[in-house]
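# Coordinate inspection notes
Given next are the chains, with one letter for each unit.
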Amino acid sequence: MGGATTADGPVRAPPGRLDGRRPGGQPGRPGRYGMMDAPVGAGAPAGHRRRRERDVITMHNGPQPTDLGDVRATNRAVVLRHVRDHAPCSRADIATHTGLNKATVSSLVGELIGYRLLRETGVTENRVGRPATMLVLDGEPYAALGMQVSADELVVVAVDLGGTRLLTWRRAFTTLTATAGETVTALAALARRALGRVTGQGRQVLGLTVGVPGLVDTDGTVPLAAALGWHDVPLAADLRKALREPAFPVTVDNEANLAVLAEQRHGGHADIADLVHLTGTAGIDAGIIVAGRLLRGARGFAGAIGHLPLDPAGPLCRCGRRGCLEAYAGLPALVDRLLPDTTQDGPVTDFAPEIERIRALARAGDPTVLTGLAGTGRHLGHGVALLAGVVNPATVLLGGHFATLAPWLLPAALEELAERTVAPGTGGCHLDASTLGGIAAALGGATASLSRIEAGRLPSTTGG
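Now for a description of the structure that goes with this document. (Residues numbered from 1 in each chain as written. Predicted model: local features only at pLDDT ≥ 70, side-chain atom pairs only at ≥ 80, totals over all residues. Heavy atoms only, no water.)

## Observations regarding the overall build of the chain
Each helix and strand in the chain was counted, giving 15 helices and 17 strands. Within the chain, the proportion of its 464 residues that are buried is 52%. Pairs at least 24 residues apart make up 61% of the contacts formed inside the chain by residues separated by at least 6 positions. If you sum the accessible surface of the chain, you get close to 20,900 Å²; carbon and sulfur atoms cover 51% of it. (Helix = DSSP H or I, 4+ residues; strand = E, 2+ residues; numbered from the N terminus. Buried < 20%, exposed > 50% of the residue type's maximum accessible area, 1.4 Å probe, protein only. Contact = heavy atoms within 4.5 Å. Areas by Shrake-Rupley, 256 points an atom, 1.4 Å probe, with all protein chains shown as cover.)

Okay, structure coming up:
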């Protein structure tokens, strides 16, 4: 079959429009987009045809292509996804496994090779039938950037189309005491250095995505980032201006959303359709994937688990409310409780040495630190239990500094999760530590910056 393909299967074109056939079902000439499927139910009795049409209409939940450009972009995305997941593979392999016909695949592959998104790697004879030319992702001329704003540092990561990391830079920065304007200036300076490096290698930049610990609106404005003291910061617009309106897209997202995308692509969890990443940097947010899709909510504010109230009479949170999860288990609260001497000279602005000190004390068996970590673990387990009761994830991963302290947090967290979850066996929810370290959001931002290409849109001919 030669139509566009979605996750549910080939998209069938309406009679006499996109399919290369006449309304009666007779074959027409293959166009430059390849021969499409016959009209749904052509030649079948009217009753059967109506039932089949109804089945096809209801099986697709998302928006469908409406013109030839959309159909071709959808088909490009199908080819790129198959090569990414199954490389090296041949044109015949793509046609067999995607449902696209061979002429369509040949046309699409030629186009993608022309844009250097795919490349041929030679001929293999270790197969039945004729030798085949194998394909892999190319993308050498391209780079995508991701950045993250953490409690005590800024991070930038660049990847190529295949996800190979080109650079990872971390810059110490007093995020919690800096103004939004100072943070934008520092982000822009770090971004310019990274852009200089990748463009100096002859690469075109496809996009830049920044992760922040807070609510992010659809236009890249941050209505609230309590951990940073931000209110209504137009971060995407300000960063674009600081970078002098670059040719590539500059977008902003919640750090947890980007981190869970990185877990799915780079953290070995591609086979888990229901996945959560809990950030452990400046704040606590949950990046949530449900049935393979990122859960955003009506305005993109889903996942603000750090401000769920555990106890209305609890400690004051930076959001102005009391008893939030973040007030109990957030990084500043954790350091204040376990290392009270650190705040004698003012608020902590560099958390890495303090986390290392806590880990050293825990390894040495310090009873105060062990008790404090167990208490933090119980609060995290309480928060995960609330998530488990609402979205029933298969796996929840502790990220950031939580991952560093996971050996002492997880036992109490698992116990609390089991005690507070109504479903038997914690509803199948598995709690573990992330393996991506402190760069998950930046890595996810770089991955997100590839989304336009992975959706089948071709790179612009202008440089980034």
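Having put the structure on the table, let's press on.
## What to know about helix 5 (residues 180-200)
In a regular helix each residue adds 1.5 Å, so 21 residues correspond to 30 Å; helix 5 covers 30 Å between its end C-alpha atoms and thus fits that length. Inspection of helix 5 places Ala180, Thr183, Val184, Ala186, Leu187, Ala188, Leu190, Ala191, Ala194, Leu195 and Val198 among the buried residues, and these make up the whole buried set. Those residues of helix 5 hidden inside the fold are in contact with strand 6 (142-149), strand 7 (153-159), strand 8 (165-172), strand 9 (204-212), strand 11 (230-233) and helix 6 (235-242). Looking one or two residues past helix 5, glycine 202 carries a phi angle of roughly 85°, positive in sign. (Expected span 1.5 Å × (residues − 1).)

## A few points about the packing of aromatic side chains
Here the structure, examined in full by the defined rule, presents zero aromatic pairs. Positioned above the aromatic ring of tryptophan 169 is the side chain of arginine 193, whose terminal nitrogen or guanidinium carbon lies 4.4 Å from the ring centre. (Phe/Tyr/Trp six-rings, centres within 6.5 Å; stacked < 30°, edge-to-face > 60°. Lys NZ or Arg CZ within 6 Å of the ring centre and 35° of its normal.)

## Examining the nonpolar core
Counting 82 residues, the largest nonpolar core has Leu208, Val210 and Leu235 as the members making the most contacts within it. A per-element tally of this core places helix 5 first, with 10 residues. Those residues in contact with leucine 208, other than ones at most four positions away along the chain, are Leu145, Gly146, Met147, Ala191, Leu239, Leu243, Phe248, Pro249, Val250, Thr251 and Ser449. Counting 33 residues, the second largest nonpolar core, distinct from the first, contains Leu108, Leu118, Leu137 and Ala442. (Core = buried A, V, L, I, M, F, W, Y, C linked by side-chain atoms within 4.5 Å.)

## Describing helix 3 (residues 91-98)
If you check which residues of helix 3 are buried, you get Asp93, Ile94, Ala95 and Thr98. Glycine 99 lies just past helix 3 and shows a positive phi near 90°.

## Points about the sheet that holds strand 16 (residues 395-398)
Sheet strands pair via backbone hydrogen bonds, and the direction of the pair is either parallel or antiparallel. The five strands lie next to each other as 15-14-13-16-17, forming an open sheet whose pairing is mixed. Where the open sheet ends on each side, the last strands, each with one partner, are strand 15 (293-294) and strand 17 (430-433). Across four bridges, the pairing between strand 16 and strand 17 is parallel. Among the inter-strand pairings, valine 396 is bridged to a residue of strand 17, identified as leucine 431. Helix-sheet contacts for helix 11 (residues 367-391) involve strand 13 (275-278), strand 14 (286-290), strand 16 and strand 17, and the interaxial angle to strand 14 is about 25°. (Pairing = 2+ DSSP bridges. Axes fitted to C-alpha atoms, helices over the stretch in contact; angles between N-to-C directions.)

## Comments concerning the packing of helix 9 (residues 331-338) against helix 11
One way to put it is that helix 9 packs onto helix 11 with a least axis distance of 10 Å and a crossing angle of 155°. With respect to their mutual orientation, helix 9 and helix 11 come out roughly antiparallel. For the element pair helix 9 and helix 11, the recorded crossing hand is right-handed. For the pair helix 9 and helix 11, contact is made by Leu334, Arg337 and Leu338 and by Thr368, Val369, Gly372, Leu373 and Thr376, respectively. (Parallel < 35°, antiparallel > 145°, perpendicular 65-115°, else oblique. Left-handed = near helix turned anticlockwise from the far one by under 90°.)

## Side note on the pairing of strand 14
With four of its five residues buried, strand 14 lies for the most part within the structure. As paired strands, strand 13 and strand 14 are joined by four bridges and run antiparallel to one another. Along strand 14, the bridge assignment pairs leucine 278 with alanine 286. The hairpin formed by strand 14 and strand 15 contains two residues between the paired strands, and alanine 291 there has a positive phi angle of roughly 55°.

## Re the side chain of threonine 376
Mapped onto the elements, threonine 376 comes out in helix 11. Residue class for threonine 376 comes out buried when judged on its relative accessible area of 0%. What threonine 376 contacts, discounting residues up to four positions off in sequence, is Tyr328, Ala329, Leu334, Arg337 and Leu409.

## Details of the sheet that holds strand 3 (residues 89-90)
Ordered in space as 3-5-4, the three strands form an open sheet in which the pairing is antiparallel. Edge strands, defined here as strands with exactly one partner in the open sheet, are strand 3 and strand 4 (118-124). Pairing geometry for strand 4 and strand 5 (residues 132-137), over six bridges, is antiparallel. Within strand 5, the residue paired with arginine 119 across the bridge is valine 136. Running over the sheet, helix 4 (residues 102-114) touches strand 4 and strand 5 and is turned about 115° from strand 4.

So yeah, pure geometry; function would need other evidence.
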